[in-house]
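Take a look at the letters that make up each chain.
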Protein chains: 2
Amino acid sequence: MARRLGRLFKDVQRLVSLSSVNTPLSHPVIQAPVHRFTGGSVRTNFIRAIKELPSALSSKPRDFSLPNSSWGPEMMRLYEHYNSQCEMETEGGEKQKGPWKRLPSYNRILKFATGGVYLSKIIQSKARLFTRNIRDPGAAFEYVLFVNSEEQKCVCIFQAGHLLEGPPGHVHGGAIATMIDTVTGTHATVLSGPVMTANLNINYRSPIPLGSTVLLESSLDKKEGRKTFISCKVTNADGSKVHSETTALFLSINVSHLLLGG
Amino acid sequence: MARRLGRLFKDVQRLVSLSSVNTPLSHPVIQAPVHRFTGGSVRTNFIRAIKELPSALSSKPRDFSLPNSSWGPEMMRLYEHYNSQCEMETEGGEKQKGPWKRLPSYNRILKFATGGVYLSKIIQSKARLFTRNIRDPGAAFEYVLFVNSEEQKCVCIFQAGHLLEGPPGHVHGGAIATMIDTVTGTHATVLSGPVMTANLNINYRSPIPLGSTVLLESSLDKKEGRKTFISCKVTNADGSKVHSETTALFLSINVSHLLLGG
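- For chain A, the name recorded in an unreviewed UniProt entry is Acyl-coenzyme A thioesterase THEM4, with Larimichthys crocea as its organism.
- UniProt, in the comment section headed Sequence similarities (unreviewed entry), describes chain A in these words: "Belongs to the THEM4/THEM5 thioesterase family."

As structure tokens, then:
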């Protein structure tokens, strides 16, 4: 059993790094199954889950991090700026070097995730990632993340749509917090593997007008045992105005607990 | 001009207390016009805005804080619990006393708000409150707020729909932050008038399963000049499990600045 679980977690980790790194890890991707570690049916779910992995990967879901018609000039300019510095494969199959890497983004996390204890099958099948739950381009969160492994930095370009209103004409503080959680959580996952958010401490400096494009820049402060400390600054597109400053703390998930629990 | 602005702000404050108290005041309801205090066209907008006030009130928007078919038994039980302790008018026109008051909730804030500096007319007319931007009942944020003026407390019953997913089967940390901002911001507004969020410090203790109903309870810590300090605890429906603990700081808006600026 322990070996089987070990394989599962390797699969999960591989999937996280392959396809789901750009998800909000407020609580970890592999946390959900923890609640189910109590009996035989759980094990069955896990095994079924593993069998379903290939189909989860083959369904070719929409990558929301690619440009669409709603992206304004500011969003496109910043996208091109970072994308041109990305590691890319040329037509001849050669790798073009670059410090940045664009992260894909989907509206489902992992098909085999069976959800929380109270989760009905209906809710489970309809569940969508909060930041990608509206398909109308430009209406809500338009964003793309880039990571720079060498500098341990992460950048997110975010265009705030009309459905994110808080105070009239401005972005809701909760929508800003959502993007901060997404960026810092993704960054922590890139740095430390599966994590959960333990603390978000957000200082709001100036409101963000609806429809505008902003930059979120996160950087590693330090790692201490299970703890990963990340800072995140939100500025306007040219960096001249600070909208918010955040410190965030993430806790790594102790996989050995899970293995012993099986 | 100063007198006209004075009247406008009284109108705004009245409207805030009448119809928009249950909006997320991450940044204040009357903040948006501040960015426009720079010329004649701004003034024109303000005057037009005032003229539009009656129609903004007469359109009878949907009150999202009333029960709908998606509300589960837990949500209904808690709603009835607080609603039965509310101040209500009986059929005979008598007032029935109660410590709690339900706050209505709409998906537009104020029709006359003209938005931020970058805000196009199209975005403006399509703008919707972030927490009420999905009309499908039960899909996203289902919530209702009650205030208790005597105890300086505010309670929110929140049922988390399938479109709020973060980690598989659980609510996105940003969606939780959004509800915390909404509840504490509303509470601060009830206590101190128009405010903006200056800080949110959220400690996440345990994940919230999608589809479950939780309680957010906010209480006044202290008021110091322009500052209002609020605490907020998120628990499961019976209060036995803590999901998160938050301290929040709100700043009152200094209206005299605006008057001098005109």
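Overview of the overall build of chain A
Here's step 1: Across its full length, chain A holds six helices and nine strands.
Here's step 2: Here chain A holds 262 residues, and the buried ones make up 56% of them.
Here's step 3: Counted over contacts in chain A with a minimum sequence separation of 6, partners at least 24 positions apart contribute 66%.
Here's step 4: Total accessible area computed for chain A in this model is approximately 11,200 Å², and 51% of it derives from carbon and sulfur atoms.

Focus on the UniProt feature "domain: Thioesterase" (unreviewed entry) in chain A
Here's step 1: UniProt's feature table lists "domain: Thioesterase" (unreviewed entry) at residues 169-241 of chain A, given in the numbering used throughout.
Here's step 2: Counting secondary structure, residues 169-241 of chain A comes out at 27% helix and 44% strand; the distance between its end C-alpha atoms is 18 Å.

Considerations on the packing of aromatic side chains
Here's step 1: Taken as a whole, this structure holds 15 aromatic pairs over all chains when the rule is applied.
Here's step 2: Taken together, the ring pairs connect A:Phe130, A:Phe141, A:Phe158, B:Phe130, B:Phe141 and B:Phe158 into an aromatic cluster.
Here's step 3: Residue placement shows A:Arg132 over the ring face of A:Tyr143; its charged tip is 3.6 Å from the ring centre.
Here's step 4: A cation over an aromatic ring shows up here: B:Lys222 above the ring of B:Phe229, its NZ or CZ 4.9 Å from the ring centre.

Quick look at unusual backbone geometry
Residues and elements named next belong to chain A.
Here's step 1: Positive phi, normally seen in glycine, also occurs at Gln152, with a value near 50°.
Here's step 2: Within the secondary structure layout, Gln152 lies in the loop between β4 (141-148) and β5 (153-160).
Here's step 3: The partly exposed category is assigned to Gln152, whose relative accessible area is 36%.

Section: the pairing of strand β7 (residues 213-224) of chain B
Here's step 1: Examined bridge by bridge, strand β5 (residues 153-160) of chain B and β7(B) share seven bridges and lie antiparallel to one another. Bridge pairing in β7(B) places B:Cys154 opposite B:Ser218.

Notes on the nonpolar core
Here's step 1: If you look at the biggest cluster of nonpolar residues, it comprises 78 residues, and the most contacted ones within it are A:Phe158, A:Leu164, A:Leu216, B:Phe158, B:Leu164 and B:Leu216.
Here's step 2: Here the element with the most residues in this core is helix α5 (residues 173-192) of chain B; it accounts for eight residues.
Here's step 3: When sequence neighbours within four positions are dropped, the list of residues in contact with A:Phe158 reads A:Met75, A:Phe141, A:Glu142, A:Tyr143, A:Leu164, A:Met179, A:Ser212, A:Thr213, A:Val214 and A:Leu216.

Things to note about the packing of helix α5 (residues 173-192) of chain A against α5(B)
Here's step 1: The N-to-C vectors of α5(A) and α5(B) enclose an angle of 155°; their axes lie 8 Å apart at closest approach. One finds that α5(A) runs roughly antiparallel with respect to α5(B). Note on packing geometry: the crossing formed by α5(A) with α5(B) is right-handed. Taken together, the residues of α5(B) that come into contact with α5(A) (itself represented by A:Gly173, A:Gly174, A:Ala175, A:Ala177, A:Thr178 and A:Asp181) are B:Gly173, B:Gly174, B:Ala175, B:Ala177, B:Thr178 and B:Asp181.

As for helix α3 (residues 73-83) of chain B
Residue and element names in this part refer to chain B.
Here's step 1: All buried positions along α3 are accounted for by Met75, Leu78, Tyr79, Tyr82 and Asn83. Viewed along the axis of α3, the buried residues span an arc of 125°, placing them on a single side of the element.
Here's step 2: Buried residues along α3 sit against β1 (88-89), β3 (101-103), β4 (141-148), β5 and β7.

Thoughts on the confidence of the model for chain A
Residue and element names in this part refer to chain A.
Here's step 1: When pLDDT is averaged across chain A, the result is 77; 68% of the residues are at 70 or more.
Here's step 2: Every residue in residues 110-118 is under pLDDT 50, and counting partners more than four places away or in other chains gives 31 contacts.
Here's step 3: Both scores are available for the predicted complex, with the pTM at 0.77 and the ipTM at 0.76.

Looking at the pattern of salt bridges
Residue and element names in this part refer to chain B.
Here's step 1: Inspection of the entire model under this criterion finds eight salt bridges over all chains.
Here's step 2: A salt bridge links Glu245 to Arg205; the shortest N-O distance between them is 2.8 Å. Here Glu245, found in strand β9 (residues 242-252), pairs with Arg205, found in the loop between β6 (195-204) and β7; they are 40 residues apart in sequence, far enough to count as distant.
Here's step 3: Judged by its relative accessible area of 47%, Arg205 falls in the partly exposed class.

A look at the side chain of B:Thr213
Here's step 1: With respect to the helices and strands, B:Thr213 occurs in strand β7.
Here's step 2: Residues within four places of B:Thr213 in sequence aside, it is in contact with B:Glu74, B:Met75, B:Leu78, B:Ile157, B:Phe158, B:Gln159, B:Asn236 and B:Ala237.

Here we look at the side chain of A:Arg132
Residues and elements named next belong to chain A.
Here's step 1: The topology assignment puts Arg132 in the loop between α4 (121-126) and β4.
Here's step 2: Here Arg132 is buried and forms no salt bridge, its nearest opposite-charge partner Glu142 lying at an N-O distance of 4.8 Å.
Here's step 3: Engagement of the side chain of Arg132 in a polar contact is seen with the backbone oxygen of Tyr143, the distance being 2.9 Å.
Here's step 4: Residues within four places of Arg132 in sequence aside, it is in contact with Phe64, Ser65, Ser105, Tyr106, Asn107, Phe141, Glu142 and Tyr143.

Structural notes on the state of the cysteines
All names here are of chain A.
Here's step 1: Following the criterion strictly, the structure yields zero disulfides over all chains and no others.
Here's step 2: No disulfide involves Cys154; its nearest neighbouring cysteine sulfur is the one of Cys156, lying 7.4 Å away.
Here's step 3: Not engaged in a disulfide, the cysteine Cys232 finds its nearest cysteine sulfur in Cys156; these two sulfurs lie 8.3 Å apart.
Here's step 4: Under the relative-accessibility criterion, Cys232 is labelled buried at 3%.

A word on the pairing of β9(B)
Residues and elements named next belong to chain B.
Here's step 1: Alignment of β6 against β9, held across nine bridges, turns out to be antiparallel. The partner of Asn203 across the bridge, within β9, is Glu245.
Here's step 2: Count of turn residues in the strand β8 (residues 227-236)/β9 antiparallel hairpin: five residues, of which Gly239 carries a positive phi of about 80°.

Structural notes on the environment of A:Gly169
Residue and element names in this part refer to chain A.
Here's step 1: Of note, Gly169 is situated in the loop between β5 and α5.
Here's step 2: The buried category is assigned to Gly169, whose relative accessible area is 2%.
Here's step 3: Sequence separation between Gly169 and Ser212 is 43 residues, and the spatial gap between their C-alpha atoms is 10 Å.

A short note on the environment of A:His172
All names here are of chain A.
Here's step 1: Note that His172 resides in the loop between β5 and α5.
Here's step 2: A residue is classified by how much of its surface remains accessible, and His172, at 0% relative accessible area, is buried.
Here's step 3: Linking His172 and Lys233, residues 61 residues apart in sequence, is a C-alpha distance of 17 Å.
Here's step 4: Within the local environment of His172, its side chain forms a polar contact with the backbone nitrogen of Gly174, the two atoms lying 2.7 Å apart.

What counts, and at which threshold
- Residues numbered from 1 in each chain as written.
- Chains lettered and ligands numbered in written order.
- Predicted model: local features only at pLDDT ≥ 70, side-chain atom pairs only at ≥ 80, totals over all residues.
- Heavy atoms only, no water.
- UniProt positions renumbered as here; feature names shortened; annotations may be inferred.
- Helix = DSSP H or I, 4+ residues; strand = E, 2+ residues; numbered from the N terminus.
- Buried < 20%, exposed > 50% of the residue type's maximum accessible area, 1.4 Å probe, protein only.
- Contact = heavy atoms within 4.5 Å.
- Areas by Shrake-Rupley, 256 points an atom, 1.4 Å probe, with all protein chains shown as cover.
- Phe/Tyr/Trp six-rings, centres within 6.5 Å; stacked < 30°, edge-to-face > 60°.
- Lys NZ or Arg CZ within 6 Å of the ring centre and 35° of its normal.
- Pairing = 2+ DSSP bridges.
- Core = buried A, V, L, I, M, F, W, Y, C linked by side-chain atoms within 4.5 Å.
- Axes fitted to C-alpha atoms, helices over the stretch in contact; angles between N-to-C directions.
- Parallel < 35°, antiparallel > 145°, perpendicular 65-115°, else oblique.
- Left-handed = near helix turned anticlockwise from the far one by under 90°.
- Arc of directions from axis to C-beta.
- pLDDT = per-residue confidence, 0-100.
- Salt bridge = Lys/Arg side-chain N within 4 Å of Asp/Glu carboxyl O.
- Lys, Arg positive; Asp, Glu negative; His and termini not counted.
- Polar contact = N/O pair within 3.5 Å; in protein donor to acceptor, adjacent residues only side chain to side chain.
- Disulfide = S-S within 2.5 Å.

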